[in-house]
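Residues per chain are reported as follows:
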Amino acid sequence: MIQRNIANPIEKTGAQILLEGILHHGEKTIFGYPGGSVIPLYDTLLQYPEIHHILVRHEQGAAFAANGYARMRRKAGVCLATSGPGATNLVTGVADAMIDSIPMIVLTGQVFSEFLGTDAFQETDSMGIFLPIVKHSYQVASSKEMAQTISEAFYLANSGRPGPVHIDITKDAFLEKTQFSGFPTPEITGYKPTISPNERQLQKVVDEIKKAKRPIAIIGQGSLISGAEKETLEFLEKSGIPCVQTLLALSTIPHDHPQNLGMLGMHGQVYANYAVHNADLIISLGSRFDDRITGKLASFTRLAKFIHFDIDPAEIGKNVKDILVPIVGDLKNSLEKLNPLLEKTECIAWNTQIESWKKEFPIEKVHDINYDKAKGLMRACDIIDILTEETQGNAIVVPDVGQHQMWTAQGYKSNIPNSLLFSGGLGTMGFSLPSAMGASVACPDREVWSISGDGGFQMNLQEMMTLIQEGIPIKIAIFNNNYLGMVRQWQEMFESGYSFVDMQNPDFVKLGEAYGIPSFKATNEKEAREYIKKCQKIEGPTLIEFHIAKEENVFPMVPQGKDLGDTIIE
């Protein structure tokens with residue numbers, strides 16, 4: 001039994017201390033890819049059989065897998081790569097985690113410390129590269145620094161507004177021995193996240209809610225990050241305020257809750273957008289008012305007063321400048337203190353108006369308006385409906401980025417919180433397959449579906465071999481329209497014609513079979529349902545290629561530069 005904290009110092013290598021630190025902080029999984037600078041760490045891994053190292057097929061896959069793993073566990077996932085190209089291959093996945101506030105420990109090897117700055121083989125300035133896309137970047141050049149650094153890194157990644165923390169470790173720091181006596185409690189000068197809100201500010205929130213005639217709550221990902229689903233629902237039910245959800249917050253509130261208007265923003269529900277556009281009080285619970293939900297900012301702020309709950313004070317006033325009541329603190333903690341103070345609002349005219357919009361613009365009607373665009377071929381939105389029915393809304397669903405992502409966000413009716421995982425702020429194609437892989441490792445008893453377009457799937461399809469080697473049973477759905485669909489839609493709507501969006505694709509079924517994955521091709525809804533059911537019965541990974549209409553567009557849509565009141569439906 002390895003002892004994590006010890007009274008009497010003993011001699012250990014830097015590699016041993018690093019792995020001890022990962023275990024000490026409650027992690028037993030590493031997604032990684034070996035190389036020259038990290039060979040000593042991989043050699044030491046053999047001494048730690050309790051750590052499950054998953055050999056990905058590309059370092060970007062390691063970063064995205066750690067991302068999906070962290071989202072499901074709500075604590076830092078760990079990815080590992082060697083120096084130089086190994087480190088740079090992690091960058092996109094780390095940037096994705098940073099903008100979406102996902103905690104990760106990003107480990108990169110580095111050349112021997114004596115060669116730093118000499119342009120040695122596979123040397124890059126990893127600290128300089130990662131610094132803009134992480135909460136903090138460390139370089140460890142001695143094993144003596146390892147215990148303190150790993151303690152600080154986990155603390156930074158998981159606390160406050162979570163995010164990735166990078167540790168660059170020279171090869172000699174892995175090999176060097178030092179006296180080890182455990183992991184110190186981190187104390188970082190100048191870093192003290194505010195957890196508890198100012199209670200006088202909470203009373204102001206109550207007062208403003210009482211005065212409002214047309215209030216709306218925007219539920220952001222902060223609700224999921226803080227584990228505040230229960231408190232958020234209590235806030236809505238005690239106050240009577242209707243809510244919308246951002247893309248990253250979807251599945252926070254039960255999809256069929258009468259106060260839930262669904263997703264707002266560029267491809268949000270018409271009535272959700274109209275409600276926000278016409279509100280006189282907007283209460284943001286852990287969202288950052290990014291451009292995809294505000295549309296034209298001047299119009300977004302034209303009528304409403306704003307209350308903004310956020311753990312990151314830098315987000316308050318960043319986009320929406322005039323915040324009437326700012327609340328800095330952990331959302332769960334803030335709502336626990338606010339909810340007992342709330343009283344039910346009586347906004348009868350406002351609720352009647354919202355119900356009128358819901359009846360006039362249901363998503364099914366919007367999809368049917370654009371039915372002719374499918375030209376009789378299978379529609380992606382119908383596949384999402386079938387998937388909801390066959391999984392009963394209980395699966396973890398991880399879309400990639402593109403049209404299928406928006407159809408999934410509009411149509412998959414999740415019953416379990418934190419079960420829809422999206423690449424939000426960075427919008428990274430290639431996200432789905434490795435992130436779904438990480439989510440499945442974190443939740444091995446859950447049904448997991450990776451949904452990709454034909455373009456995004458080909459960016460990280462190599463991870464199918466990781467699924468086979470590790471026995472990770474995710475179900476892969478490829479929506480194939482032989483186009484880069486979202487770019488094509490924008491070109492059709494706003495440009496003079498198509499430019500480099502036609503996709504000549506492989507036979508995805510044969511490709512899946514080459515990896516040893518049972519694979520199927522669906523060309524109609526009957527086959528779609530049949531193969532979804534079949535894949536659910538197969539142990540291990542499976543793949544379905546859905547041939548969908550080539551030129552169907554995603555609606556509703558707010559054209560870029562327009563406001564939420566300009567939502568179009570065809």
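Just so you know, these numbers come straight off a predicted model, no measurement behind them.

### Some details on the sheet that holds strand β13 (residues 305-310)
Argument step 1. If you trace the six strands from one edge of the open sheet to the other, you get β11-β10-β9-β12-β13-β14, paired in parallel fashion. Looking at the sheet topology across the chains shown, the edges are occupied by β11 (260-263) and β14 (325-328). Averaged over all pairs of adjacent strands, the angle between strand axes in this sheet comes to 15 degrees, irrespective of strand direction.
Argument step 2. Examined bridge by bridge, strand β12 (residues 281-285) and β13 share five bridges and lie parallel to one another. Paired with I282 across the two strands is F306, which belongs to β13.
Argument step 3. Where helix α11 (residues 270-278) meets the sheet, its contacts fall on β9 (215-219), β10 (243-245), β11 and β12, and the angle it forms with β11 comes to roughly 105 degrees.

### Quick notes on the packing of aromatic side chains
Argument step 1. Applying the stated criterion across every chain, the model contains 15 aromatic pairs.
Argument step 2. Considering the side-chain rings of F180 and F183, the 5.1 Å spacing of their centres and the 65 degrees angle between planes classify their relative orientation as edge-to-face. Per residue, the accessibility class of F180 equals that of F183, and both read buried.
Argument step 3. Taken together, Y274, W350, W357 and F361 form an aromatic cluster joined through their ring pairs.
Argument step 4. If you follow R488 out to its NZ or CZ, it ends over the ring of Y483, 5.7 Å from the centre.
Argument step 5. We note K550 situated over the ring of Y483; from NZ or CZ to the ring centre the distance is 4.3 Å.

### Considering helix α8 (residues 199-211)
Argument step 1. For α8, which comprises 13 residues, the first-to-last C-alpha distance of 19 Å matches the rise-based estimate of 18 Å (1.5 Å per residue) to within 8%.
Argument step 2. Inspection of α8 places Q201, L202, V205, V206, E208 and I209 among the buried residues, and these make up the whole buried set. Around the axis of α8, the buried residues are gathered within 165 degrees of arc, so they sit on the same side. Residues of α8 that are exposed and point more than 90 degrees away from the buried face comprise R200, K210 and K211.
Argument step 3. The inward-facing, buried residues of α8 contact α10 (229-239), β12, β13, β14 and α14 (331-338).

### What to know about the sheet that holds strand β4 (residues 77-81)
The pairing of strands in a sheet happens through backbone hydrogen bonds and is either parallel or antiparallel.
Argument step 1. Taken together, six strands build an open sheet; the order of strands is β3-β2-β4-β5-β7-β6 and the sheet is parallel. If you trace the sheet from one side to the other, it starts and ends with β3 (52-55) and β6 (136-140), each paired once. Geometrically, the sheet is characterised by an average inter-axis angle of 20 degrees between neighbouring strands, direction not taken into account.
Argument step 2. As judged from the two bridges shared by strand β2 (residues 29-32) and β4, these two strands associate in the parallel manner. Bridging across to β4, F31 finds its partner in C79.

Parameters and conventions
- Counting restarts for each chain: residues are numbered from 1 in the order of the written sequence.
- Where totals are concerned, whole chains, interfaces and linings use all residues; where local detail is concerned, this predicted model gives features only for residues with pLDDT of at least 70, and gives and counts side-chain atom pairs only at 80 or more.
- Only hydrogens and water are set aside; all other atoms, that is, all heavy atoms of the structure, feed into the side-chain values.
- Pairing between strands requires that DSSP locate at least two bridges from one strand to the other.
- Per the convention used, a helix needs a DSSP run of H or I reaching at least four residues, while a strand needs a run of E reaching at least two, with both numbered from the N terminus.
- The axes are straight lines fitted to the C-alpha atoms, using for helices just the contacting stretch, and the angles between their N-to-C directions are given from 0 to 180°.
- In this description, contact between two residues means that some pair of their heavy atoms is separated by no more than 4.5 Å.
- Two rings from Phe, Tyr or Trp (for Trp, the six-membered ring) form a pair when their centres are within 6.5 Å of each other. A pair whose planes differ by under 30 degrees is stacked, one over 60 is edge-to-face, and the rest are tilted.
- Accessible area is worked out with a 1.4 Å probe on protein chains only. A residue is then buried under 20% of its type maximum, exposed over 50%, and partly exposed in between.
- We call a charge positioned over a ring when the NZ of a Lys or the CZ of an Arg lies within 6 Å of the ring centre and within 35 degrees of the ring normal.
- Multiplying 1.5 Å by the helix residue count minus one yields the expected span of that helix.
- Here the arc refers to the directions that run from the helix axis out to each C-beta atom.

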